[in-house]
There are 2 protein chains.
Amino acid sequence: MRILVLGAAGMVGRRLIDRLLAEKTIAGETIGAIDAFDVVEPQIAAPEGVEIHSSAGDIADAATVKALVAKRPDMIFHLAAIVSGEAEADFDKGYRINQEGMSHLLEAIRAEGENYRPRLVFTSSIAVFGAPFEEKITDTFLAAPLTSYGTQKAICELLLNDYSRKGFVDGVGIRLPTIVVRPGKPNKAASSFFSGIIREPLAGEEAILPVADDVRHWVASPASAVGFLMHAATMDTDVLGARRCLTMPGLSVTIAEMIEALREVAGDAVANRIRREPDAVIEKIVAGWPRDFDAGRAESVGFSADKSFSDIIRAHIADEAARG
Amino acid sequence: MRILVLGAAGMVGRRLIDRLLAEKTIAGETIGAIDAFDVVEPQIAAPEGVEIHSSAGDIADAATVKALVAKRPDMIFHLAAIVSGEAEADFDKGYRINQEGMSHLLEAIRAEGENYRPRLVFTSSIAVFGAPFEEKITDTFLAAPLTSYGTQKAICELLLNDYSRKGFVDGVGIRLPTIVVRPGKPNKAASSFFSGIIREPLAGEEAILPVADDVRHWVASPASAVGFLMHAATMDTDVLGARRCLTMPGLSVTIAEMIEALREVAGDAVANRIRREPDAVIEKIVAGWPRDFDAGRAESVGFSADKSFSDIIRAHIADEAARG
Ligand SMILES: NC(=O)c1ccc[n+]([C@@H]2O[C@H](COP(=O)([O-])OP(=O)(O)OC[C@H]3O[C@@H](n4cnc5c(N)ncnc54)[C@H](O)[C@@H]3O)[C@@H](O)[C@H]2O)c1
Ligand SMILES: NC(=O)c1ccc[n+]([C@@H]2O[C@H](COP(=O)([O-])OP(=O)(O)OC[C@H]3O[C@@H](n4cnc5c(N)ncnc54)[C@H](O)[C@@H]3O)[C@@H](O)[C@H]2O)c1
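- The name an unreviewed UniProt entry gives chain A is SDR family oxidoreductase, with Jiella avicenniae as the organism.

Set out below in structure tokens:
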């Protein structure tokens with residue numbers, strides 16, 4: 001089994017590769033080789049028995065993508081993307097990477113011909129939905145994104161469905177909730193603060209909260225994200241019919257509930273490191289984001305997520321301790 | 001007022017131009033020039049006062065589209081497309097014309113810069129919806145096309161919304177019902193028989209009905225389609241918010257009701273010219289098509305359609321008589 005991971009140096013990509021290397025098998029087969037691709041060459045300590053081929057490049061370049069696909073990976077995880085804030089600021093770059101990158105990938109797969117039909121797992125986002133919406137968004141609600149990033153993800157979903165329907169690829173698109181707690185530094189995503197208000201206080205630093213405490217959002221842990229990817233890679237796709245893209249399960253929590261969980265897990269001193277500094281721009285963006293979902297379809301085909309926000313915080317603390 | 005019509009030689013395009021030339025003004029302004037573009041040069045008898053510039057080319061060619069937009073039309077109607085059957089048979093051609101053509105158009109408009117923001121009316125289709133669906137599809141139901149054509153239209157809708165949201169264009173997308181009675185010869189659309197079973201018997205010819213009598217579908221007349229385009233071109237788009245694409249009103253009729261109306265308008269001898277010859281391929285395609293809609297959103301912003309199927313037949317008979 002040969003696996004290609006695009007966006008392998010990213011937050012989710014790195015964890016996915018850790019998990020693949022820990023499992024050593026997937027879908028009942030031994031993992032023989034992993035091709036890890038990103039803008040900067042992914043650094044992976046290769047364990048015995050699995051070949052790791054790391055390389056650097058740009059998915060917006062068709063020839064680069066074609067060369068990766070020419071190795072005929074049995075499974076492809078496409079996680080490479082620029083985040084919403086950056087795609088909104090640089091319109092051309094967003095379409096080039098987030099949409100054309102996917103087109104190049106699908107075309108490269110199709111060009112390999114009839115006897116090649118790999119499983120392709122694509123990370124979409126709940127950003128495909130935009131207000132006004134139902135308080136609890138169901139599986140048949142329209143995709144009406146309010147950002148270019150969300151538009152690009154929605155287009156990728158449509159293409160994934162069509163190429164799968166035509167038999168060119170065996171695709172599964174998973175709409176990830178906002179991943180919290182994201183380790184490391186804040187990034188350009190407007191959602192960055194959802195992780196910041198947990199991560200920074202736990203690290204002894206002050207965090208800025210740019211929105212009101214009653215803002216509700218849909219979140220899942222990094223470990224759940226990897227779990228979704230593993231399930232999407234191995235599930236029976238016949239049950240999906242022509243609708244290959246699914247809203248992943250998650251937790252619907254308010255900022256107040258998140259802070260309350262932080263207080264419960266780590267104490268007052270930590271929770272008090274959050275400083276409220278409302279930012280009208282971020283408030284406006286976040287107001288257009290979904291708050292809650294009925295992810296019944298994904299659940300019915302075996303996807304599952306975190307049970308409580310305190311669990312998510314505890315998992316983050318354990319992760320940080322493990323990484324040192 | 002300068003108007004650009006892409007797909008001007010098509011069934012709807014020709015009628016739109018007739019209507020524009022008959023009106024002579026639009027949105028309170030005199031129509032000074034019409035640029036009529038299609039694969040084959042549109043043949044238009046120019047009346048006094050309006051300049052007609054006909055030209056031939058391919059919207060899949062970016063430079064061609066750029067040259068058309070460089071004339072800075074105040075209003076653009078984008079009707080150029082290949083039909084569902086052809087887009088399904090030729091995957092590359094479908095994407096090139098139906099999707100990339102739209103991308104070229106949007107990019108050409110954006111490239112003109114900040115002080116150019118024309119009204120762009122785009123003809124989408126109810127083919128963006130695919131089974132399983134609600135018996136009466138509402139305005140917040142997901143687009144889940146079951147054809148490449150529907151996928152291409154859904155992508156165009158997403159792009160139109162995003163470019164409009166960004167202020168690059170003032171877009172309105174109208175999801176046309178199946179247009180019945182389409183004059184002329186049968187075409188490659190799988191929906192061709194919906195017109196055929198009315199048009200051929202009225203012309204004294206036998207028509208083949210490839211599906212069952214209880215098949216229900218969503219239709220509107222050519223005149224209604226032109227009415228939708230005119231309203232979309234002149235309406236206040238502020239009321240649309242970020243959702244620029246609307247399901248147009250129509251009539252939900254069964255084949256049996258259509259034949260009944262034909263019998264009522266033209267008599268038994270005509271209605272008996274329909275021969276039932278079930279075609280499993282067409283039946284399967286049609287089973288994935290929407291049957292009925294609640295087009296409440298479009299109606300609430302002023303779009304309106306035909307009142308009965310016998311009216312549609314009578315209008316077709318009058319049209320044919322007028323054209324000789
Ligand atoms: N983290 C979240 O909250 C979240 C939520 C919804 C969806 N997603 C999606 O999940 C996926 C993974 O998310 P993540 O948090 O790991 O993001 P990330 O930014 O950490 O990782 C994405 C990776 O893609 C790489 N990349 C960017 N442009 C590239 C290009 N042109 N060529 C090759 N690689 C390129 C980046 O270098 C980065 O390593 C992304 O597709 C993202 O859009 C994430
Ligand atoms: N007629 C219907 O039932 C129906 C239903 C839903 C949507 N629509 C949409 O409405 C629009 C008009 O429909 P119509 O019935 O007049 O279709 P039509 O086929 O009669 O007209 C489309 C025109 O586009 C032109 N065209 C095709 N490829 C082109 C290219 N590469 N460059 C330039 N021009 C090109 C064709 O030559 C044709 O004249 C189309 O976008 C169609 O998809 C039609």
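Considering the confidence of the model for chain A
Residue and element names in this part refer to chain A.
Part 1: With 100% of its residues at a pLDDT of 70 or more, chain A shows a mean pLDDT of 96.
Part 2: At the level of individual helices and strands, chain A shows its lowest average pLDDT in helix α10 (residues 280-287), which scores 89, and its highest in strand β6 (residues 75-78), which scores 99.
Part 3: Across the assembled chains, the prediction reports ipTM 0.96 with pTM 0.97.

Quick look at the interface of chain A and chain B
Part 1: Across the contact, 32 residues belong to chain A and 32 residues belong to chain B.
Part 2: A per-residue breakdown of the area chain A buries against chain B is headed by A:Phe91, A:Leu158 and A:Arg243, which together make up 25% of the total.
Part 3: At the boundary of chain A with chain B, the tally comes to six salt bridges.
Part 4: The salt bridge partner of B:Arg110 is A:Asp92, with a shortest N-O separation of 2.9 Å.
Part 5: Summed over the shared surface of chain A and chain B, the result is 22 residue pairs in polar contact (both at pLDDT 80 or more).
Part 6: Sorting the residues of the side of chain A that touches chain B by element identifies α4 (91-111) and α5 (148-165) of chain A as the ones contributing at least two each.
Part 7: Per-element tally for the side of chain A that touches chain B: the top contributor is α5(A), with nine residues.

Re the site of ligand 1
Residues and elements named next belong to chain A.
Part 1: Inspection of the region around ligand 1 gives 25 residues, with Asp-38, Asp-58, Tyr-149, Ile-179 and Arg-182 positioned closest.
Part 2: At 2.8 Å from an oxygen atom of ligand 1 is found a main-chain nitrogen or oxygen belonging to Ile-179.
Part 3: Across the complex, the protein chains shield 87% of the 820 Å² of accessible surface that ligand 1 would expose by itself.
Part 4: When contributions to the shell around ligand 1 are tallied by element, the ones reaching two or more residues are α1 (11-23), β4 (33-38), β7 (119-125), α5 and β9 (178-179).
Part 5: Here the shell around ligand 1 is built from residues that sort into 14 nonpolar, seven polar and four charged.

So, the site of ligand 2
Residue and element names in this part refer to chain B.
Part 1: Close to ligand 2 lie 25 residues, the nearest being Asp-38, Asp-58, Tyr-149, Ile-179 and Arg-182.
Part 2: A distance of 3.1 Å separates an oxygen atom of ligand 2 from a polar atom in the backbone of Gly-10.
Part 3: In this structure, an oxygen atom belonging to ligand 2 sits 2.7 Å away from a main-chain N or O atom of Ile-179.
Part 4: Mapped onto the shell around ligand 2, the elements with two or more residues apiece are α1 (11-23), β4 (33-38), β7 (119-125), α5 (148-165) and β9 (178-179).
Part 5: A total of three residues in the shell around ligand 2 trace back to one element, the largest contributor, which is β7.

A closer look at the packing of α5(A) against helix α4 (residues 91-111) of chain B
The description of two packed helices rests on the angle between their axes and on the distance between the axes.
Part 1: The N-to-C vectors of α5(A) and α4(B) enclose an angle of 160 degrees; their axes lie 13 Å apart at closest approach. Considering the angle they form, α5(A) stands roughly antiparallel to α4(B). Crossing of α5(A) against α4(B): the hand is right-handed. Facing A:Leu159, A:Asp162 and A:Tyr163 of α5(A), the residues of α4(B) in contact are B:Phe91, B:Tyr95 and B:Gln99.
Part 2: Here the contact of α5(A) with α4(B) is built from residues that sort into four nonpolar, one polar and one charged.

Some points on the pattern of salt bridges
Part 1: For the structure shown, the criterion picks out 50 salt bridges over all chains.
Part 2: Put simply, B:Asp319 and B:Arg15 hold a salt bridge, and the shortest N to O gap is 2.8 Å. With B:Asp319 in helix α12 (residues 309-323) and B:Arg15 in helix α1, the pair connects residues that are 304 residues apart, well separated along the chain.
Part 3: Through salt bridges with shared partners, one network takes in A:Glu88, B:Asp162, B:Arg165 and B:Lys166.

Topic: α1(B)
All names here are of chain B.
Part 1: For α1, built from 13 residues, the straight-helix expectation of 18 Å at 1.5 Å per residue is met to within 8% by its first-to-last C-alpha distance of 19 Å.
Part 2: Among the residues of α1, those classed as buried are Met-11, Val-12, Gly-13, Arg-15, Leu-16, Ile-17, Leu-20 and Leu-21.
Part 3: In the stretch just after α1, Lys-24 is the one whose phi turns positive, near 70 degrees.

Re the relation of the copies chain A and chain B
Part 1: Mapping chain A onto chain B calls for a screw motion: a turn of 180 degrees about the axis and a shift of 0.0 Å along it, with 0.0 Å RMSD after fitting. Here the copies are linked by what is in effect a two-fold axis. Every residue of chain A has its C-alpha some distance from the rotation axis, and the shortest such distance is that of A:Leu142, at 1.8 Å.
Part 2: A shared binding surface is used by both copies, with 100% of the interface residues of chain A retained as interface residues in chain B.

What counts as what
- Residues numbered from 1 in each chain as written.
- Chains lettered and ligands numbered in written order.
- Predicted model: local features only at pLDDT ≥ 70, side-chain atom pairs only at ≥ 80, totals over all residues.
- Heavy atoms only, no water.
- pLDDT = per-residue confidence, 0-100.
- Helix = DSSP H or I, 4+ residues; strand = E, 2+ residues; numbered from the N terminus.
- Contact = heavy atoms within 4.5 Å.
- Buried area = accessible area lost by both parts, 1.4 Å probe.
- Salt bridge = Lys/Arg side-chain N within 4 Å of Asp/Glu carboxyl O.
- Polar contact = N/O pair within 3.5 Å; in protein donor to acceptor, adjacent residues only side chain to side chain.
- Near = heavy atom within 4 Å.
- Areas by Shrake-Rupley, 256 points an atom, 1.4 Å probe, with all protein chains shown as cover.
- Nonpolar A, V, L, I, M, F, W, Y, C, P; charged D, E, K, R; others polar.
- Axes fitted to C-alpha atoms, helices over the stretch in contact; angles between N-to-C directions.
- Parallel < 35°, antiparallel > 145°, perpendicular 65-115°, else oblique.
- Left-handed = near helix turned anticlockwise from the far one by under 90°.
- Expected span 1.5 Å × (residues − 1).
- Buried < 20%, exposed > 50% of the residue type's maximum accessible area, 1.4 Å probe, protein only.
- Least-squares fit on C-alpha atoms with pLDDT ≥ 70 in both.

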